[in-house]
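Fold and contact review
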Amino acid sequence: MRDLRVRKPAFRALADAGAGTWSLRGQVQPLLVIHGGAGVERAEMTPEREARARDALALALRRGYARLQAGDSALDAVSAAIVVLEDDPLFNAGRGAVFTHDGRNELDASIMDGPSLAAGAVANVHRVKNPVLLARAVMEKSPHVLLFGDGAEQFAAEQGIALVDPSYFRTEERWQQLQKALKEDAAGKRAATGMATLRHFGTVGAVARDSQGRLAAATSTGGMTDKRWGRVGDSPIIGAGTYANADCAVSGTGWGEYYLRVAAARDICLRMSLLGESAAIAGQAVIEDEIPSLGGDGGAIVLGADGEVAMPFNTEGMYRGWIGSDGVPHVAIYAQDALALPSPAP
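Notes on the structure in this doc start here. Keep in mind the model is a prediction, meaning the values are calculated, not measured. (Residues numbered from 1 in each chain as written. Predicted model: local features only at pLDDT ≥ 70, side-chain atom pairs only at ≥ 80, totals over all residues. Heavy atoms only, no water.)

1. Examining the packing of aromatic side chains
Evaluation of the coordinates by the stated rule reveals four aromatic pairs. A centroid spacing of 5.0 Å and a plane angle of 80 degrees characterise the contact between Phe99 and Trp175, whose relative ring orientation is edge-to-face. With a gap of 76 residues between them, Phe99 in the loop between helix 2 (74-86) and strand 4 (107-113) and Trp175 in helix 5 (residues 172-186) connect regions that are remote in the sequence. Overall, the relative accessible area of 4% leaves Phe99 in the buried class. Here Trp175 falls in the partly exposed class, since its relative accessible area comes to 25%. Seen from their ring centres, Trp255 and Tyr258 are 5.1 Å apart, and the 75 degrees between their planes marks the pair as edge-to-face. Residue Tyr258 is classed as buried on the basis of its relative accessible area, which comes to 12%. Lying across the ring of Tyr334, Arg42 places its NZ or CZ 3.7 Å from the centre. The ring of Trp175 has Arg170 lying over it, and the distance from NZ or CZ to the ring centre is 4.6 Å. (Phe/Tyr/Trp six-rings, centres within 6.5 Å; stacked < 30°, edge-to-face > 60°. Helix = DSSP H or I, 4+ residues; strand = E, 2+ residues; numbered from the N terminus. Buried < 20%, exposed > 50% of the residue type's maximum accessible area, 1.4 Å probe, protein only. Lys NZ or Arg CZ within 6 Å of the ring centre and 35° of its normal.)

In structure tokens, the structure reads:
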């Protein structure tokens, strides 16, 4: 140490200095990545809507990252970020969720802790203001992983999770999307074009690494416009729309039936854990190659334990963003948008 440098450190730590004291925060730089849904089409956007989307993504990133800066867990960060997006009617989650064929809002969400593989999820809830918070309660306060419908809402009431009148979730834009779909049903157009016209993206998700290096992932959605028969997609299914382990965290957004068939989120993580693939390579293999080869589409956000970030998608756009050590939200919408990703760092 003649030059006052440690040549072979046994560990790294981050600390805040102030008033002559050190406050140890952890061993790694926190990182938060979010998405607000794939399937964005430029033709349906306006400058006002774009600005609104970018502001919402930036707010979600700042809220989630504030938790990481405070030394809170990756679970806290993804929960805080998703609550912001569930409360914003621009996205297909929480308030602003799409309508089913019967004119109802059916909400799904899931969350997973990477180090412990603990997970919680809810599906087909109608009155839960923030489904991601209920999913976390399922993980932390019940012996189960997935609760459904009325039972999930009974559990929410017992746990003090906020419940609202179903009218809270309604927006005129989503209602008109359903009316258009119903007219297509009546005209026989839906039968001719198949399931593709049922799609509506806008699912929201988040993945994070906290200062202790712990990873977490969460996803929340309103599903598909005009869906029927209690259909449930990939978002509340651990391994399909959401997955996290010690090496990887993934949240997906897309045509859920295909994410379910290939267990998309876990497939990405297994490629990283078992094959040693990077987040970019693993994400591309599943999201840009495997799922499209079957006829599906969508996107995902992927975060590795080393801090590598990937945002693969095969649609015209995907609401997405990240925030790291600079404390500045970095957001993008279209495939052509320039969005530099953080460099992997321990």
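2. Looking at the sheet that holds strand 12 (residues 309-310)
Read across the open sheet, the four strands follow the order 9-10-11-12; overall the sheet is antiparallel. Each end of this open sheet is capped by a strand with a single partner; those strands are strand 9 (242-244) and strand 12. Across three bridges, the pairing between strand 9 and strand 10 (residues 248-254) is antiparallel. In the strand pairing of strand 10, Thr242 is matched with Ser251. Strand contacts of helix 8 (residues 264-274): strand 9, strand 10 and strand 11 (298-304), with the helix running at about 145 degrees to strand 10, the strand carrying the most contacts. Of the strands in this sheet, strand 11 and strand 12 are in contact with helix 9 (residues 279-294), which crosses strand 11 at around 155 degrees. (Pairing = 2+ DSSP bridges. Contact = heavy atoms within 4.5 Å. Axes fitted to C-alpha atoms, helices over the stretch in contact; angles between N-to-C directions.)

3. Notes on the pattern of salt bridges
Throughout the structure, instances matching the rule amount to 15 salt bridges. The salt bridge partner of Asp267 is Arg271, with a shortest N-O separation of 3.6 Å. One end of the pair, Asp267, and the other, Arg271, are both in helix 8, four residues apart, so they sit about a helical turn from each other. Residue classification places Asp267 among the buried residues on the basis of a relative accessible area of 18%. With a relative accessible area of 22%, Arg271 lands in the partly exposed category. Linked through salt bridges whose partners overlap, the residues forming this network are Arg67, Asp72, Asp76, Arg136 and Glu140. (Salt bridge = Lys/Arg side-chain N within 4 Å of Asp/Glu carboxyl O.)

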